[in-house]
Amino acid sequence: MSRCSFCDASPVQWHHVCGRPSPSAPYFNEIVIALCGRCHSREHTVLRRLGLEWLADGSDPLAHELARLALLCKRLADEDDSWHVGAGSLREVQQLTLRAVEVLA
Ligand SMILES: [Zn+2]
Ligand SMILES: [Zn+2]
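So, a few notes on the structure that sits alongside this text. (Residues numbered from 1 in each chain as written. Chains lettered and ligands numbered in written order. Predicted model: local features only at pLDDT ≥ 70, side-chain atom pairs only at ≥ 80, totals over all residues.)

### Thoughts on the overall build of the protein
Move 1: Tallying secondary structure elements over the protein gives 3 helices and 2 strands in all.
Move 2: Whereas a compact globule of 105 residues would reach a radius of gyration of roughly 13 Å, the protein reaches 13 Å, a difference of no more than 12%.
Move 3: In terms of principal-axis extent, the alpha carbons of the protein reach across some 40 × 25 × 25 Å. (Helix = DSSP H or I, 4+ residues; strand = E, 2+ residues; numbered from the N terminus. Rg over C-alpha atoms; globule rule 2.2 N^0.38 Å.)

Next comes the structure, spelled out in structure tokens:
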């Protein structure tokens, strides 16, 4: 059984780390981590506060995805917690990183 990446509680919901552009749009990718209901709603509160819940008009989708991924890495590192990622997530992180390399190189 999957456990919450922050507090080890279960059951979990799968949080899409990079989110989606708007409420009815498809997700950017399938990078998902396990979060309990309490930690999941806290993450979305943080994302809203930082203006990262949705893709703002005119902003770069790749930069948005990377910002959300980086934020989560930092929050997990600050609390010394480990990733409980969904199947295929690491491969998608790899692909996102490679896209960033192509753009930034
Ligand atoms: Zn939790
Ligand atoms: Zn979520």
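### Focus: helix 1 (residues 37–49)
Move 1: Taking 1.5 Å of rise per residue, the 13 residues of helix 1 would be expected to cover 18 Å, and the 18 Å separating its terminal C-alpha atoms lies within 8% of that figure.
Move 2: Where helix 1 terminates, the next one or two residues include Gly51, which has phi positive at roughly 75 degrees. (Expected span 1.5 Å × (residues − 1).)

### Describing the nonpolar core
When a protein is soluble and globular, its nonpolar side chains tend to lie buried together.
Move 1: Ranked by internal contacts, the top residues of the largest apolar core, which has 14 residues, are Cys4, Val17 and Leu35.
Move 2: No other element matches strand 2 (residues 32–35), which puts 4 residues into this core.
Move 3: Apart from the residues lying within four places of it in its own chain, the contact partners of Val17 are Ile31, Val32, Ile33, Arg68, Leu69 and Leu72. (Core = buried A, V, L, I, M, F, W, Y, C linked by C-beta atoms within 7 Å. Buried ≥ 20, exposed ≤ 12 C-beta atoms within 10 Å, placed from the backbone. Contact = placed C-beta atoms within 7 Å.)

### With respect to the packing of helix 2 (residues 61–78) against helix 3 (residues 89–104)
Move 1: Interaxial distance between helix 2 and helix 3 falls to 11 Å at its minimum, and their mutual angle equals 130 degrees. In terms of orientation, helix 2 and helix 3 fall into the oblique class. For the pair helix 2 and helix 3, the crossing hand works out as left-handed. Taking contact as the criterion, the partners of Leu62, Glu65, Leu66 and Leu69 in helix 2 are, on helix 3, Leu96, Arg99, Ala100 and Val103.
Move 2: Of the residues in the contact of helix 2 with helix 3, the class split is 6 nonpolar, no polar and 2 charged. (Axes fitted to C-alpha atoms, helices over the stretch in contact; angles between N-to-C directions. Parallel < 35°, antiparallel > 145°, perpendicular 65-115°, else oblique. Left-handed = near helix turned anticlockwise from the far one by under 90°. Nonpolar A, V, L, I, M, F, W, Y, C, P; charged D, E, K, R; others polar.)

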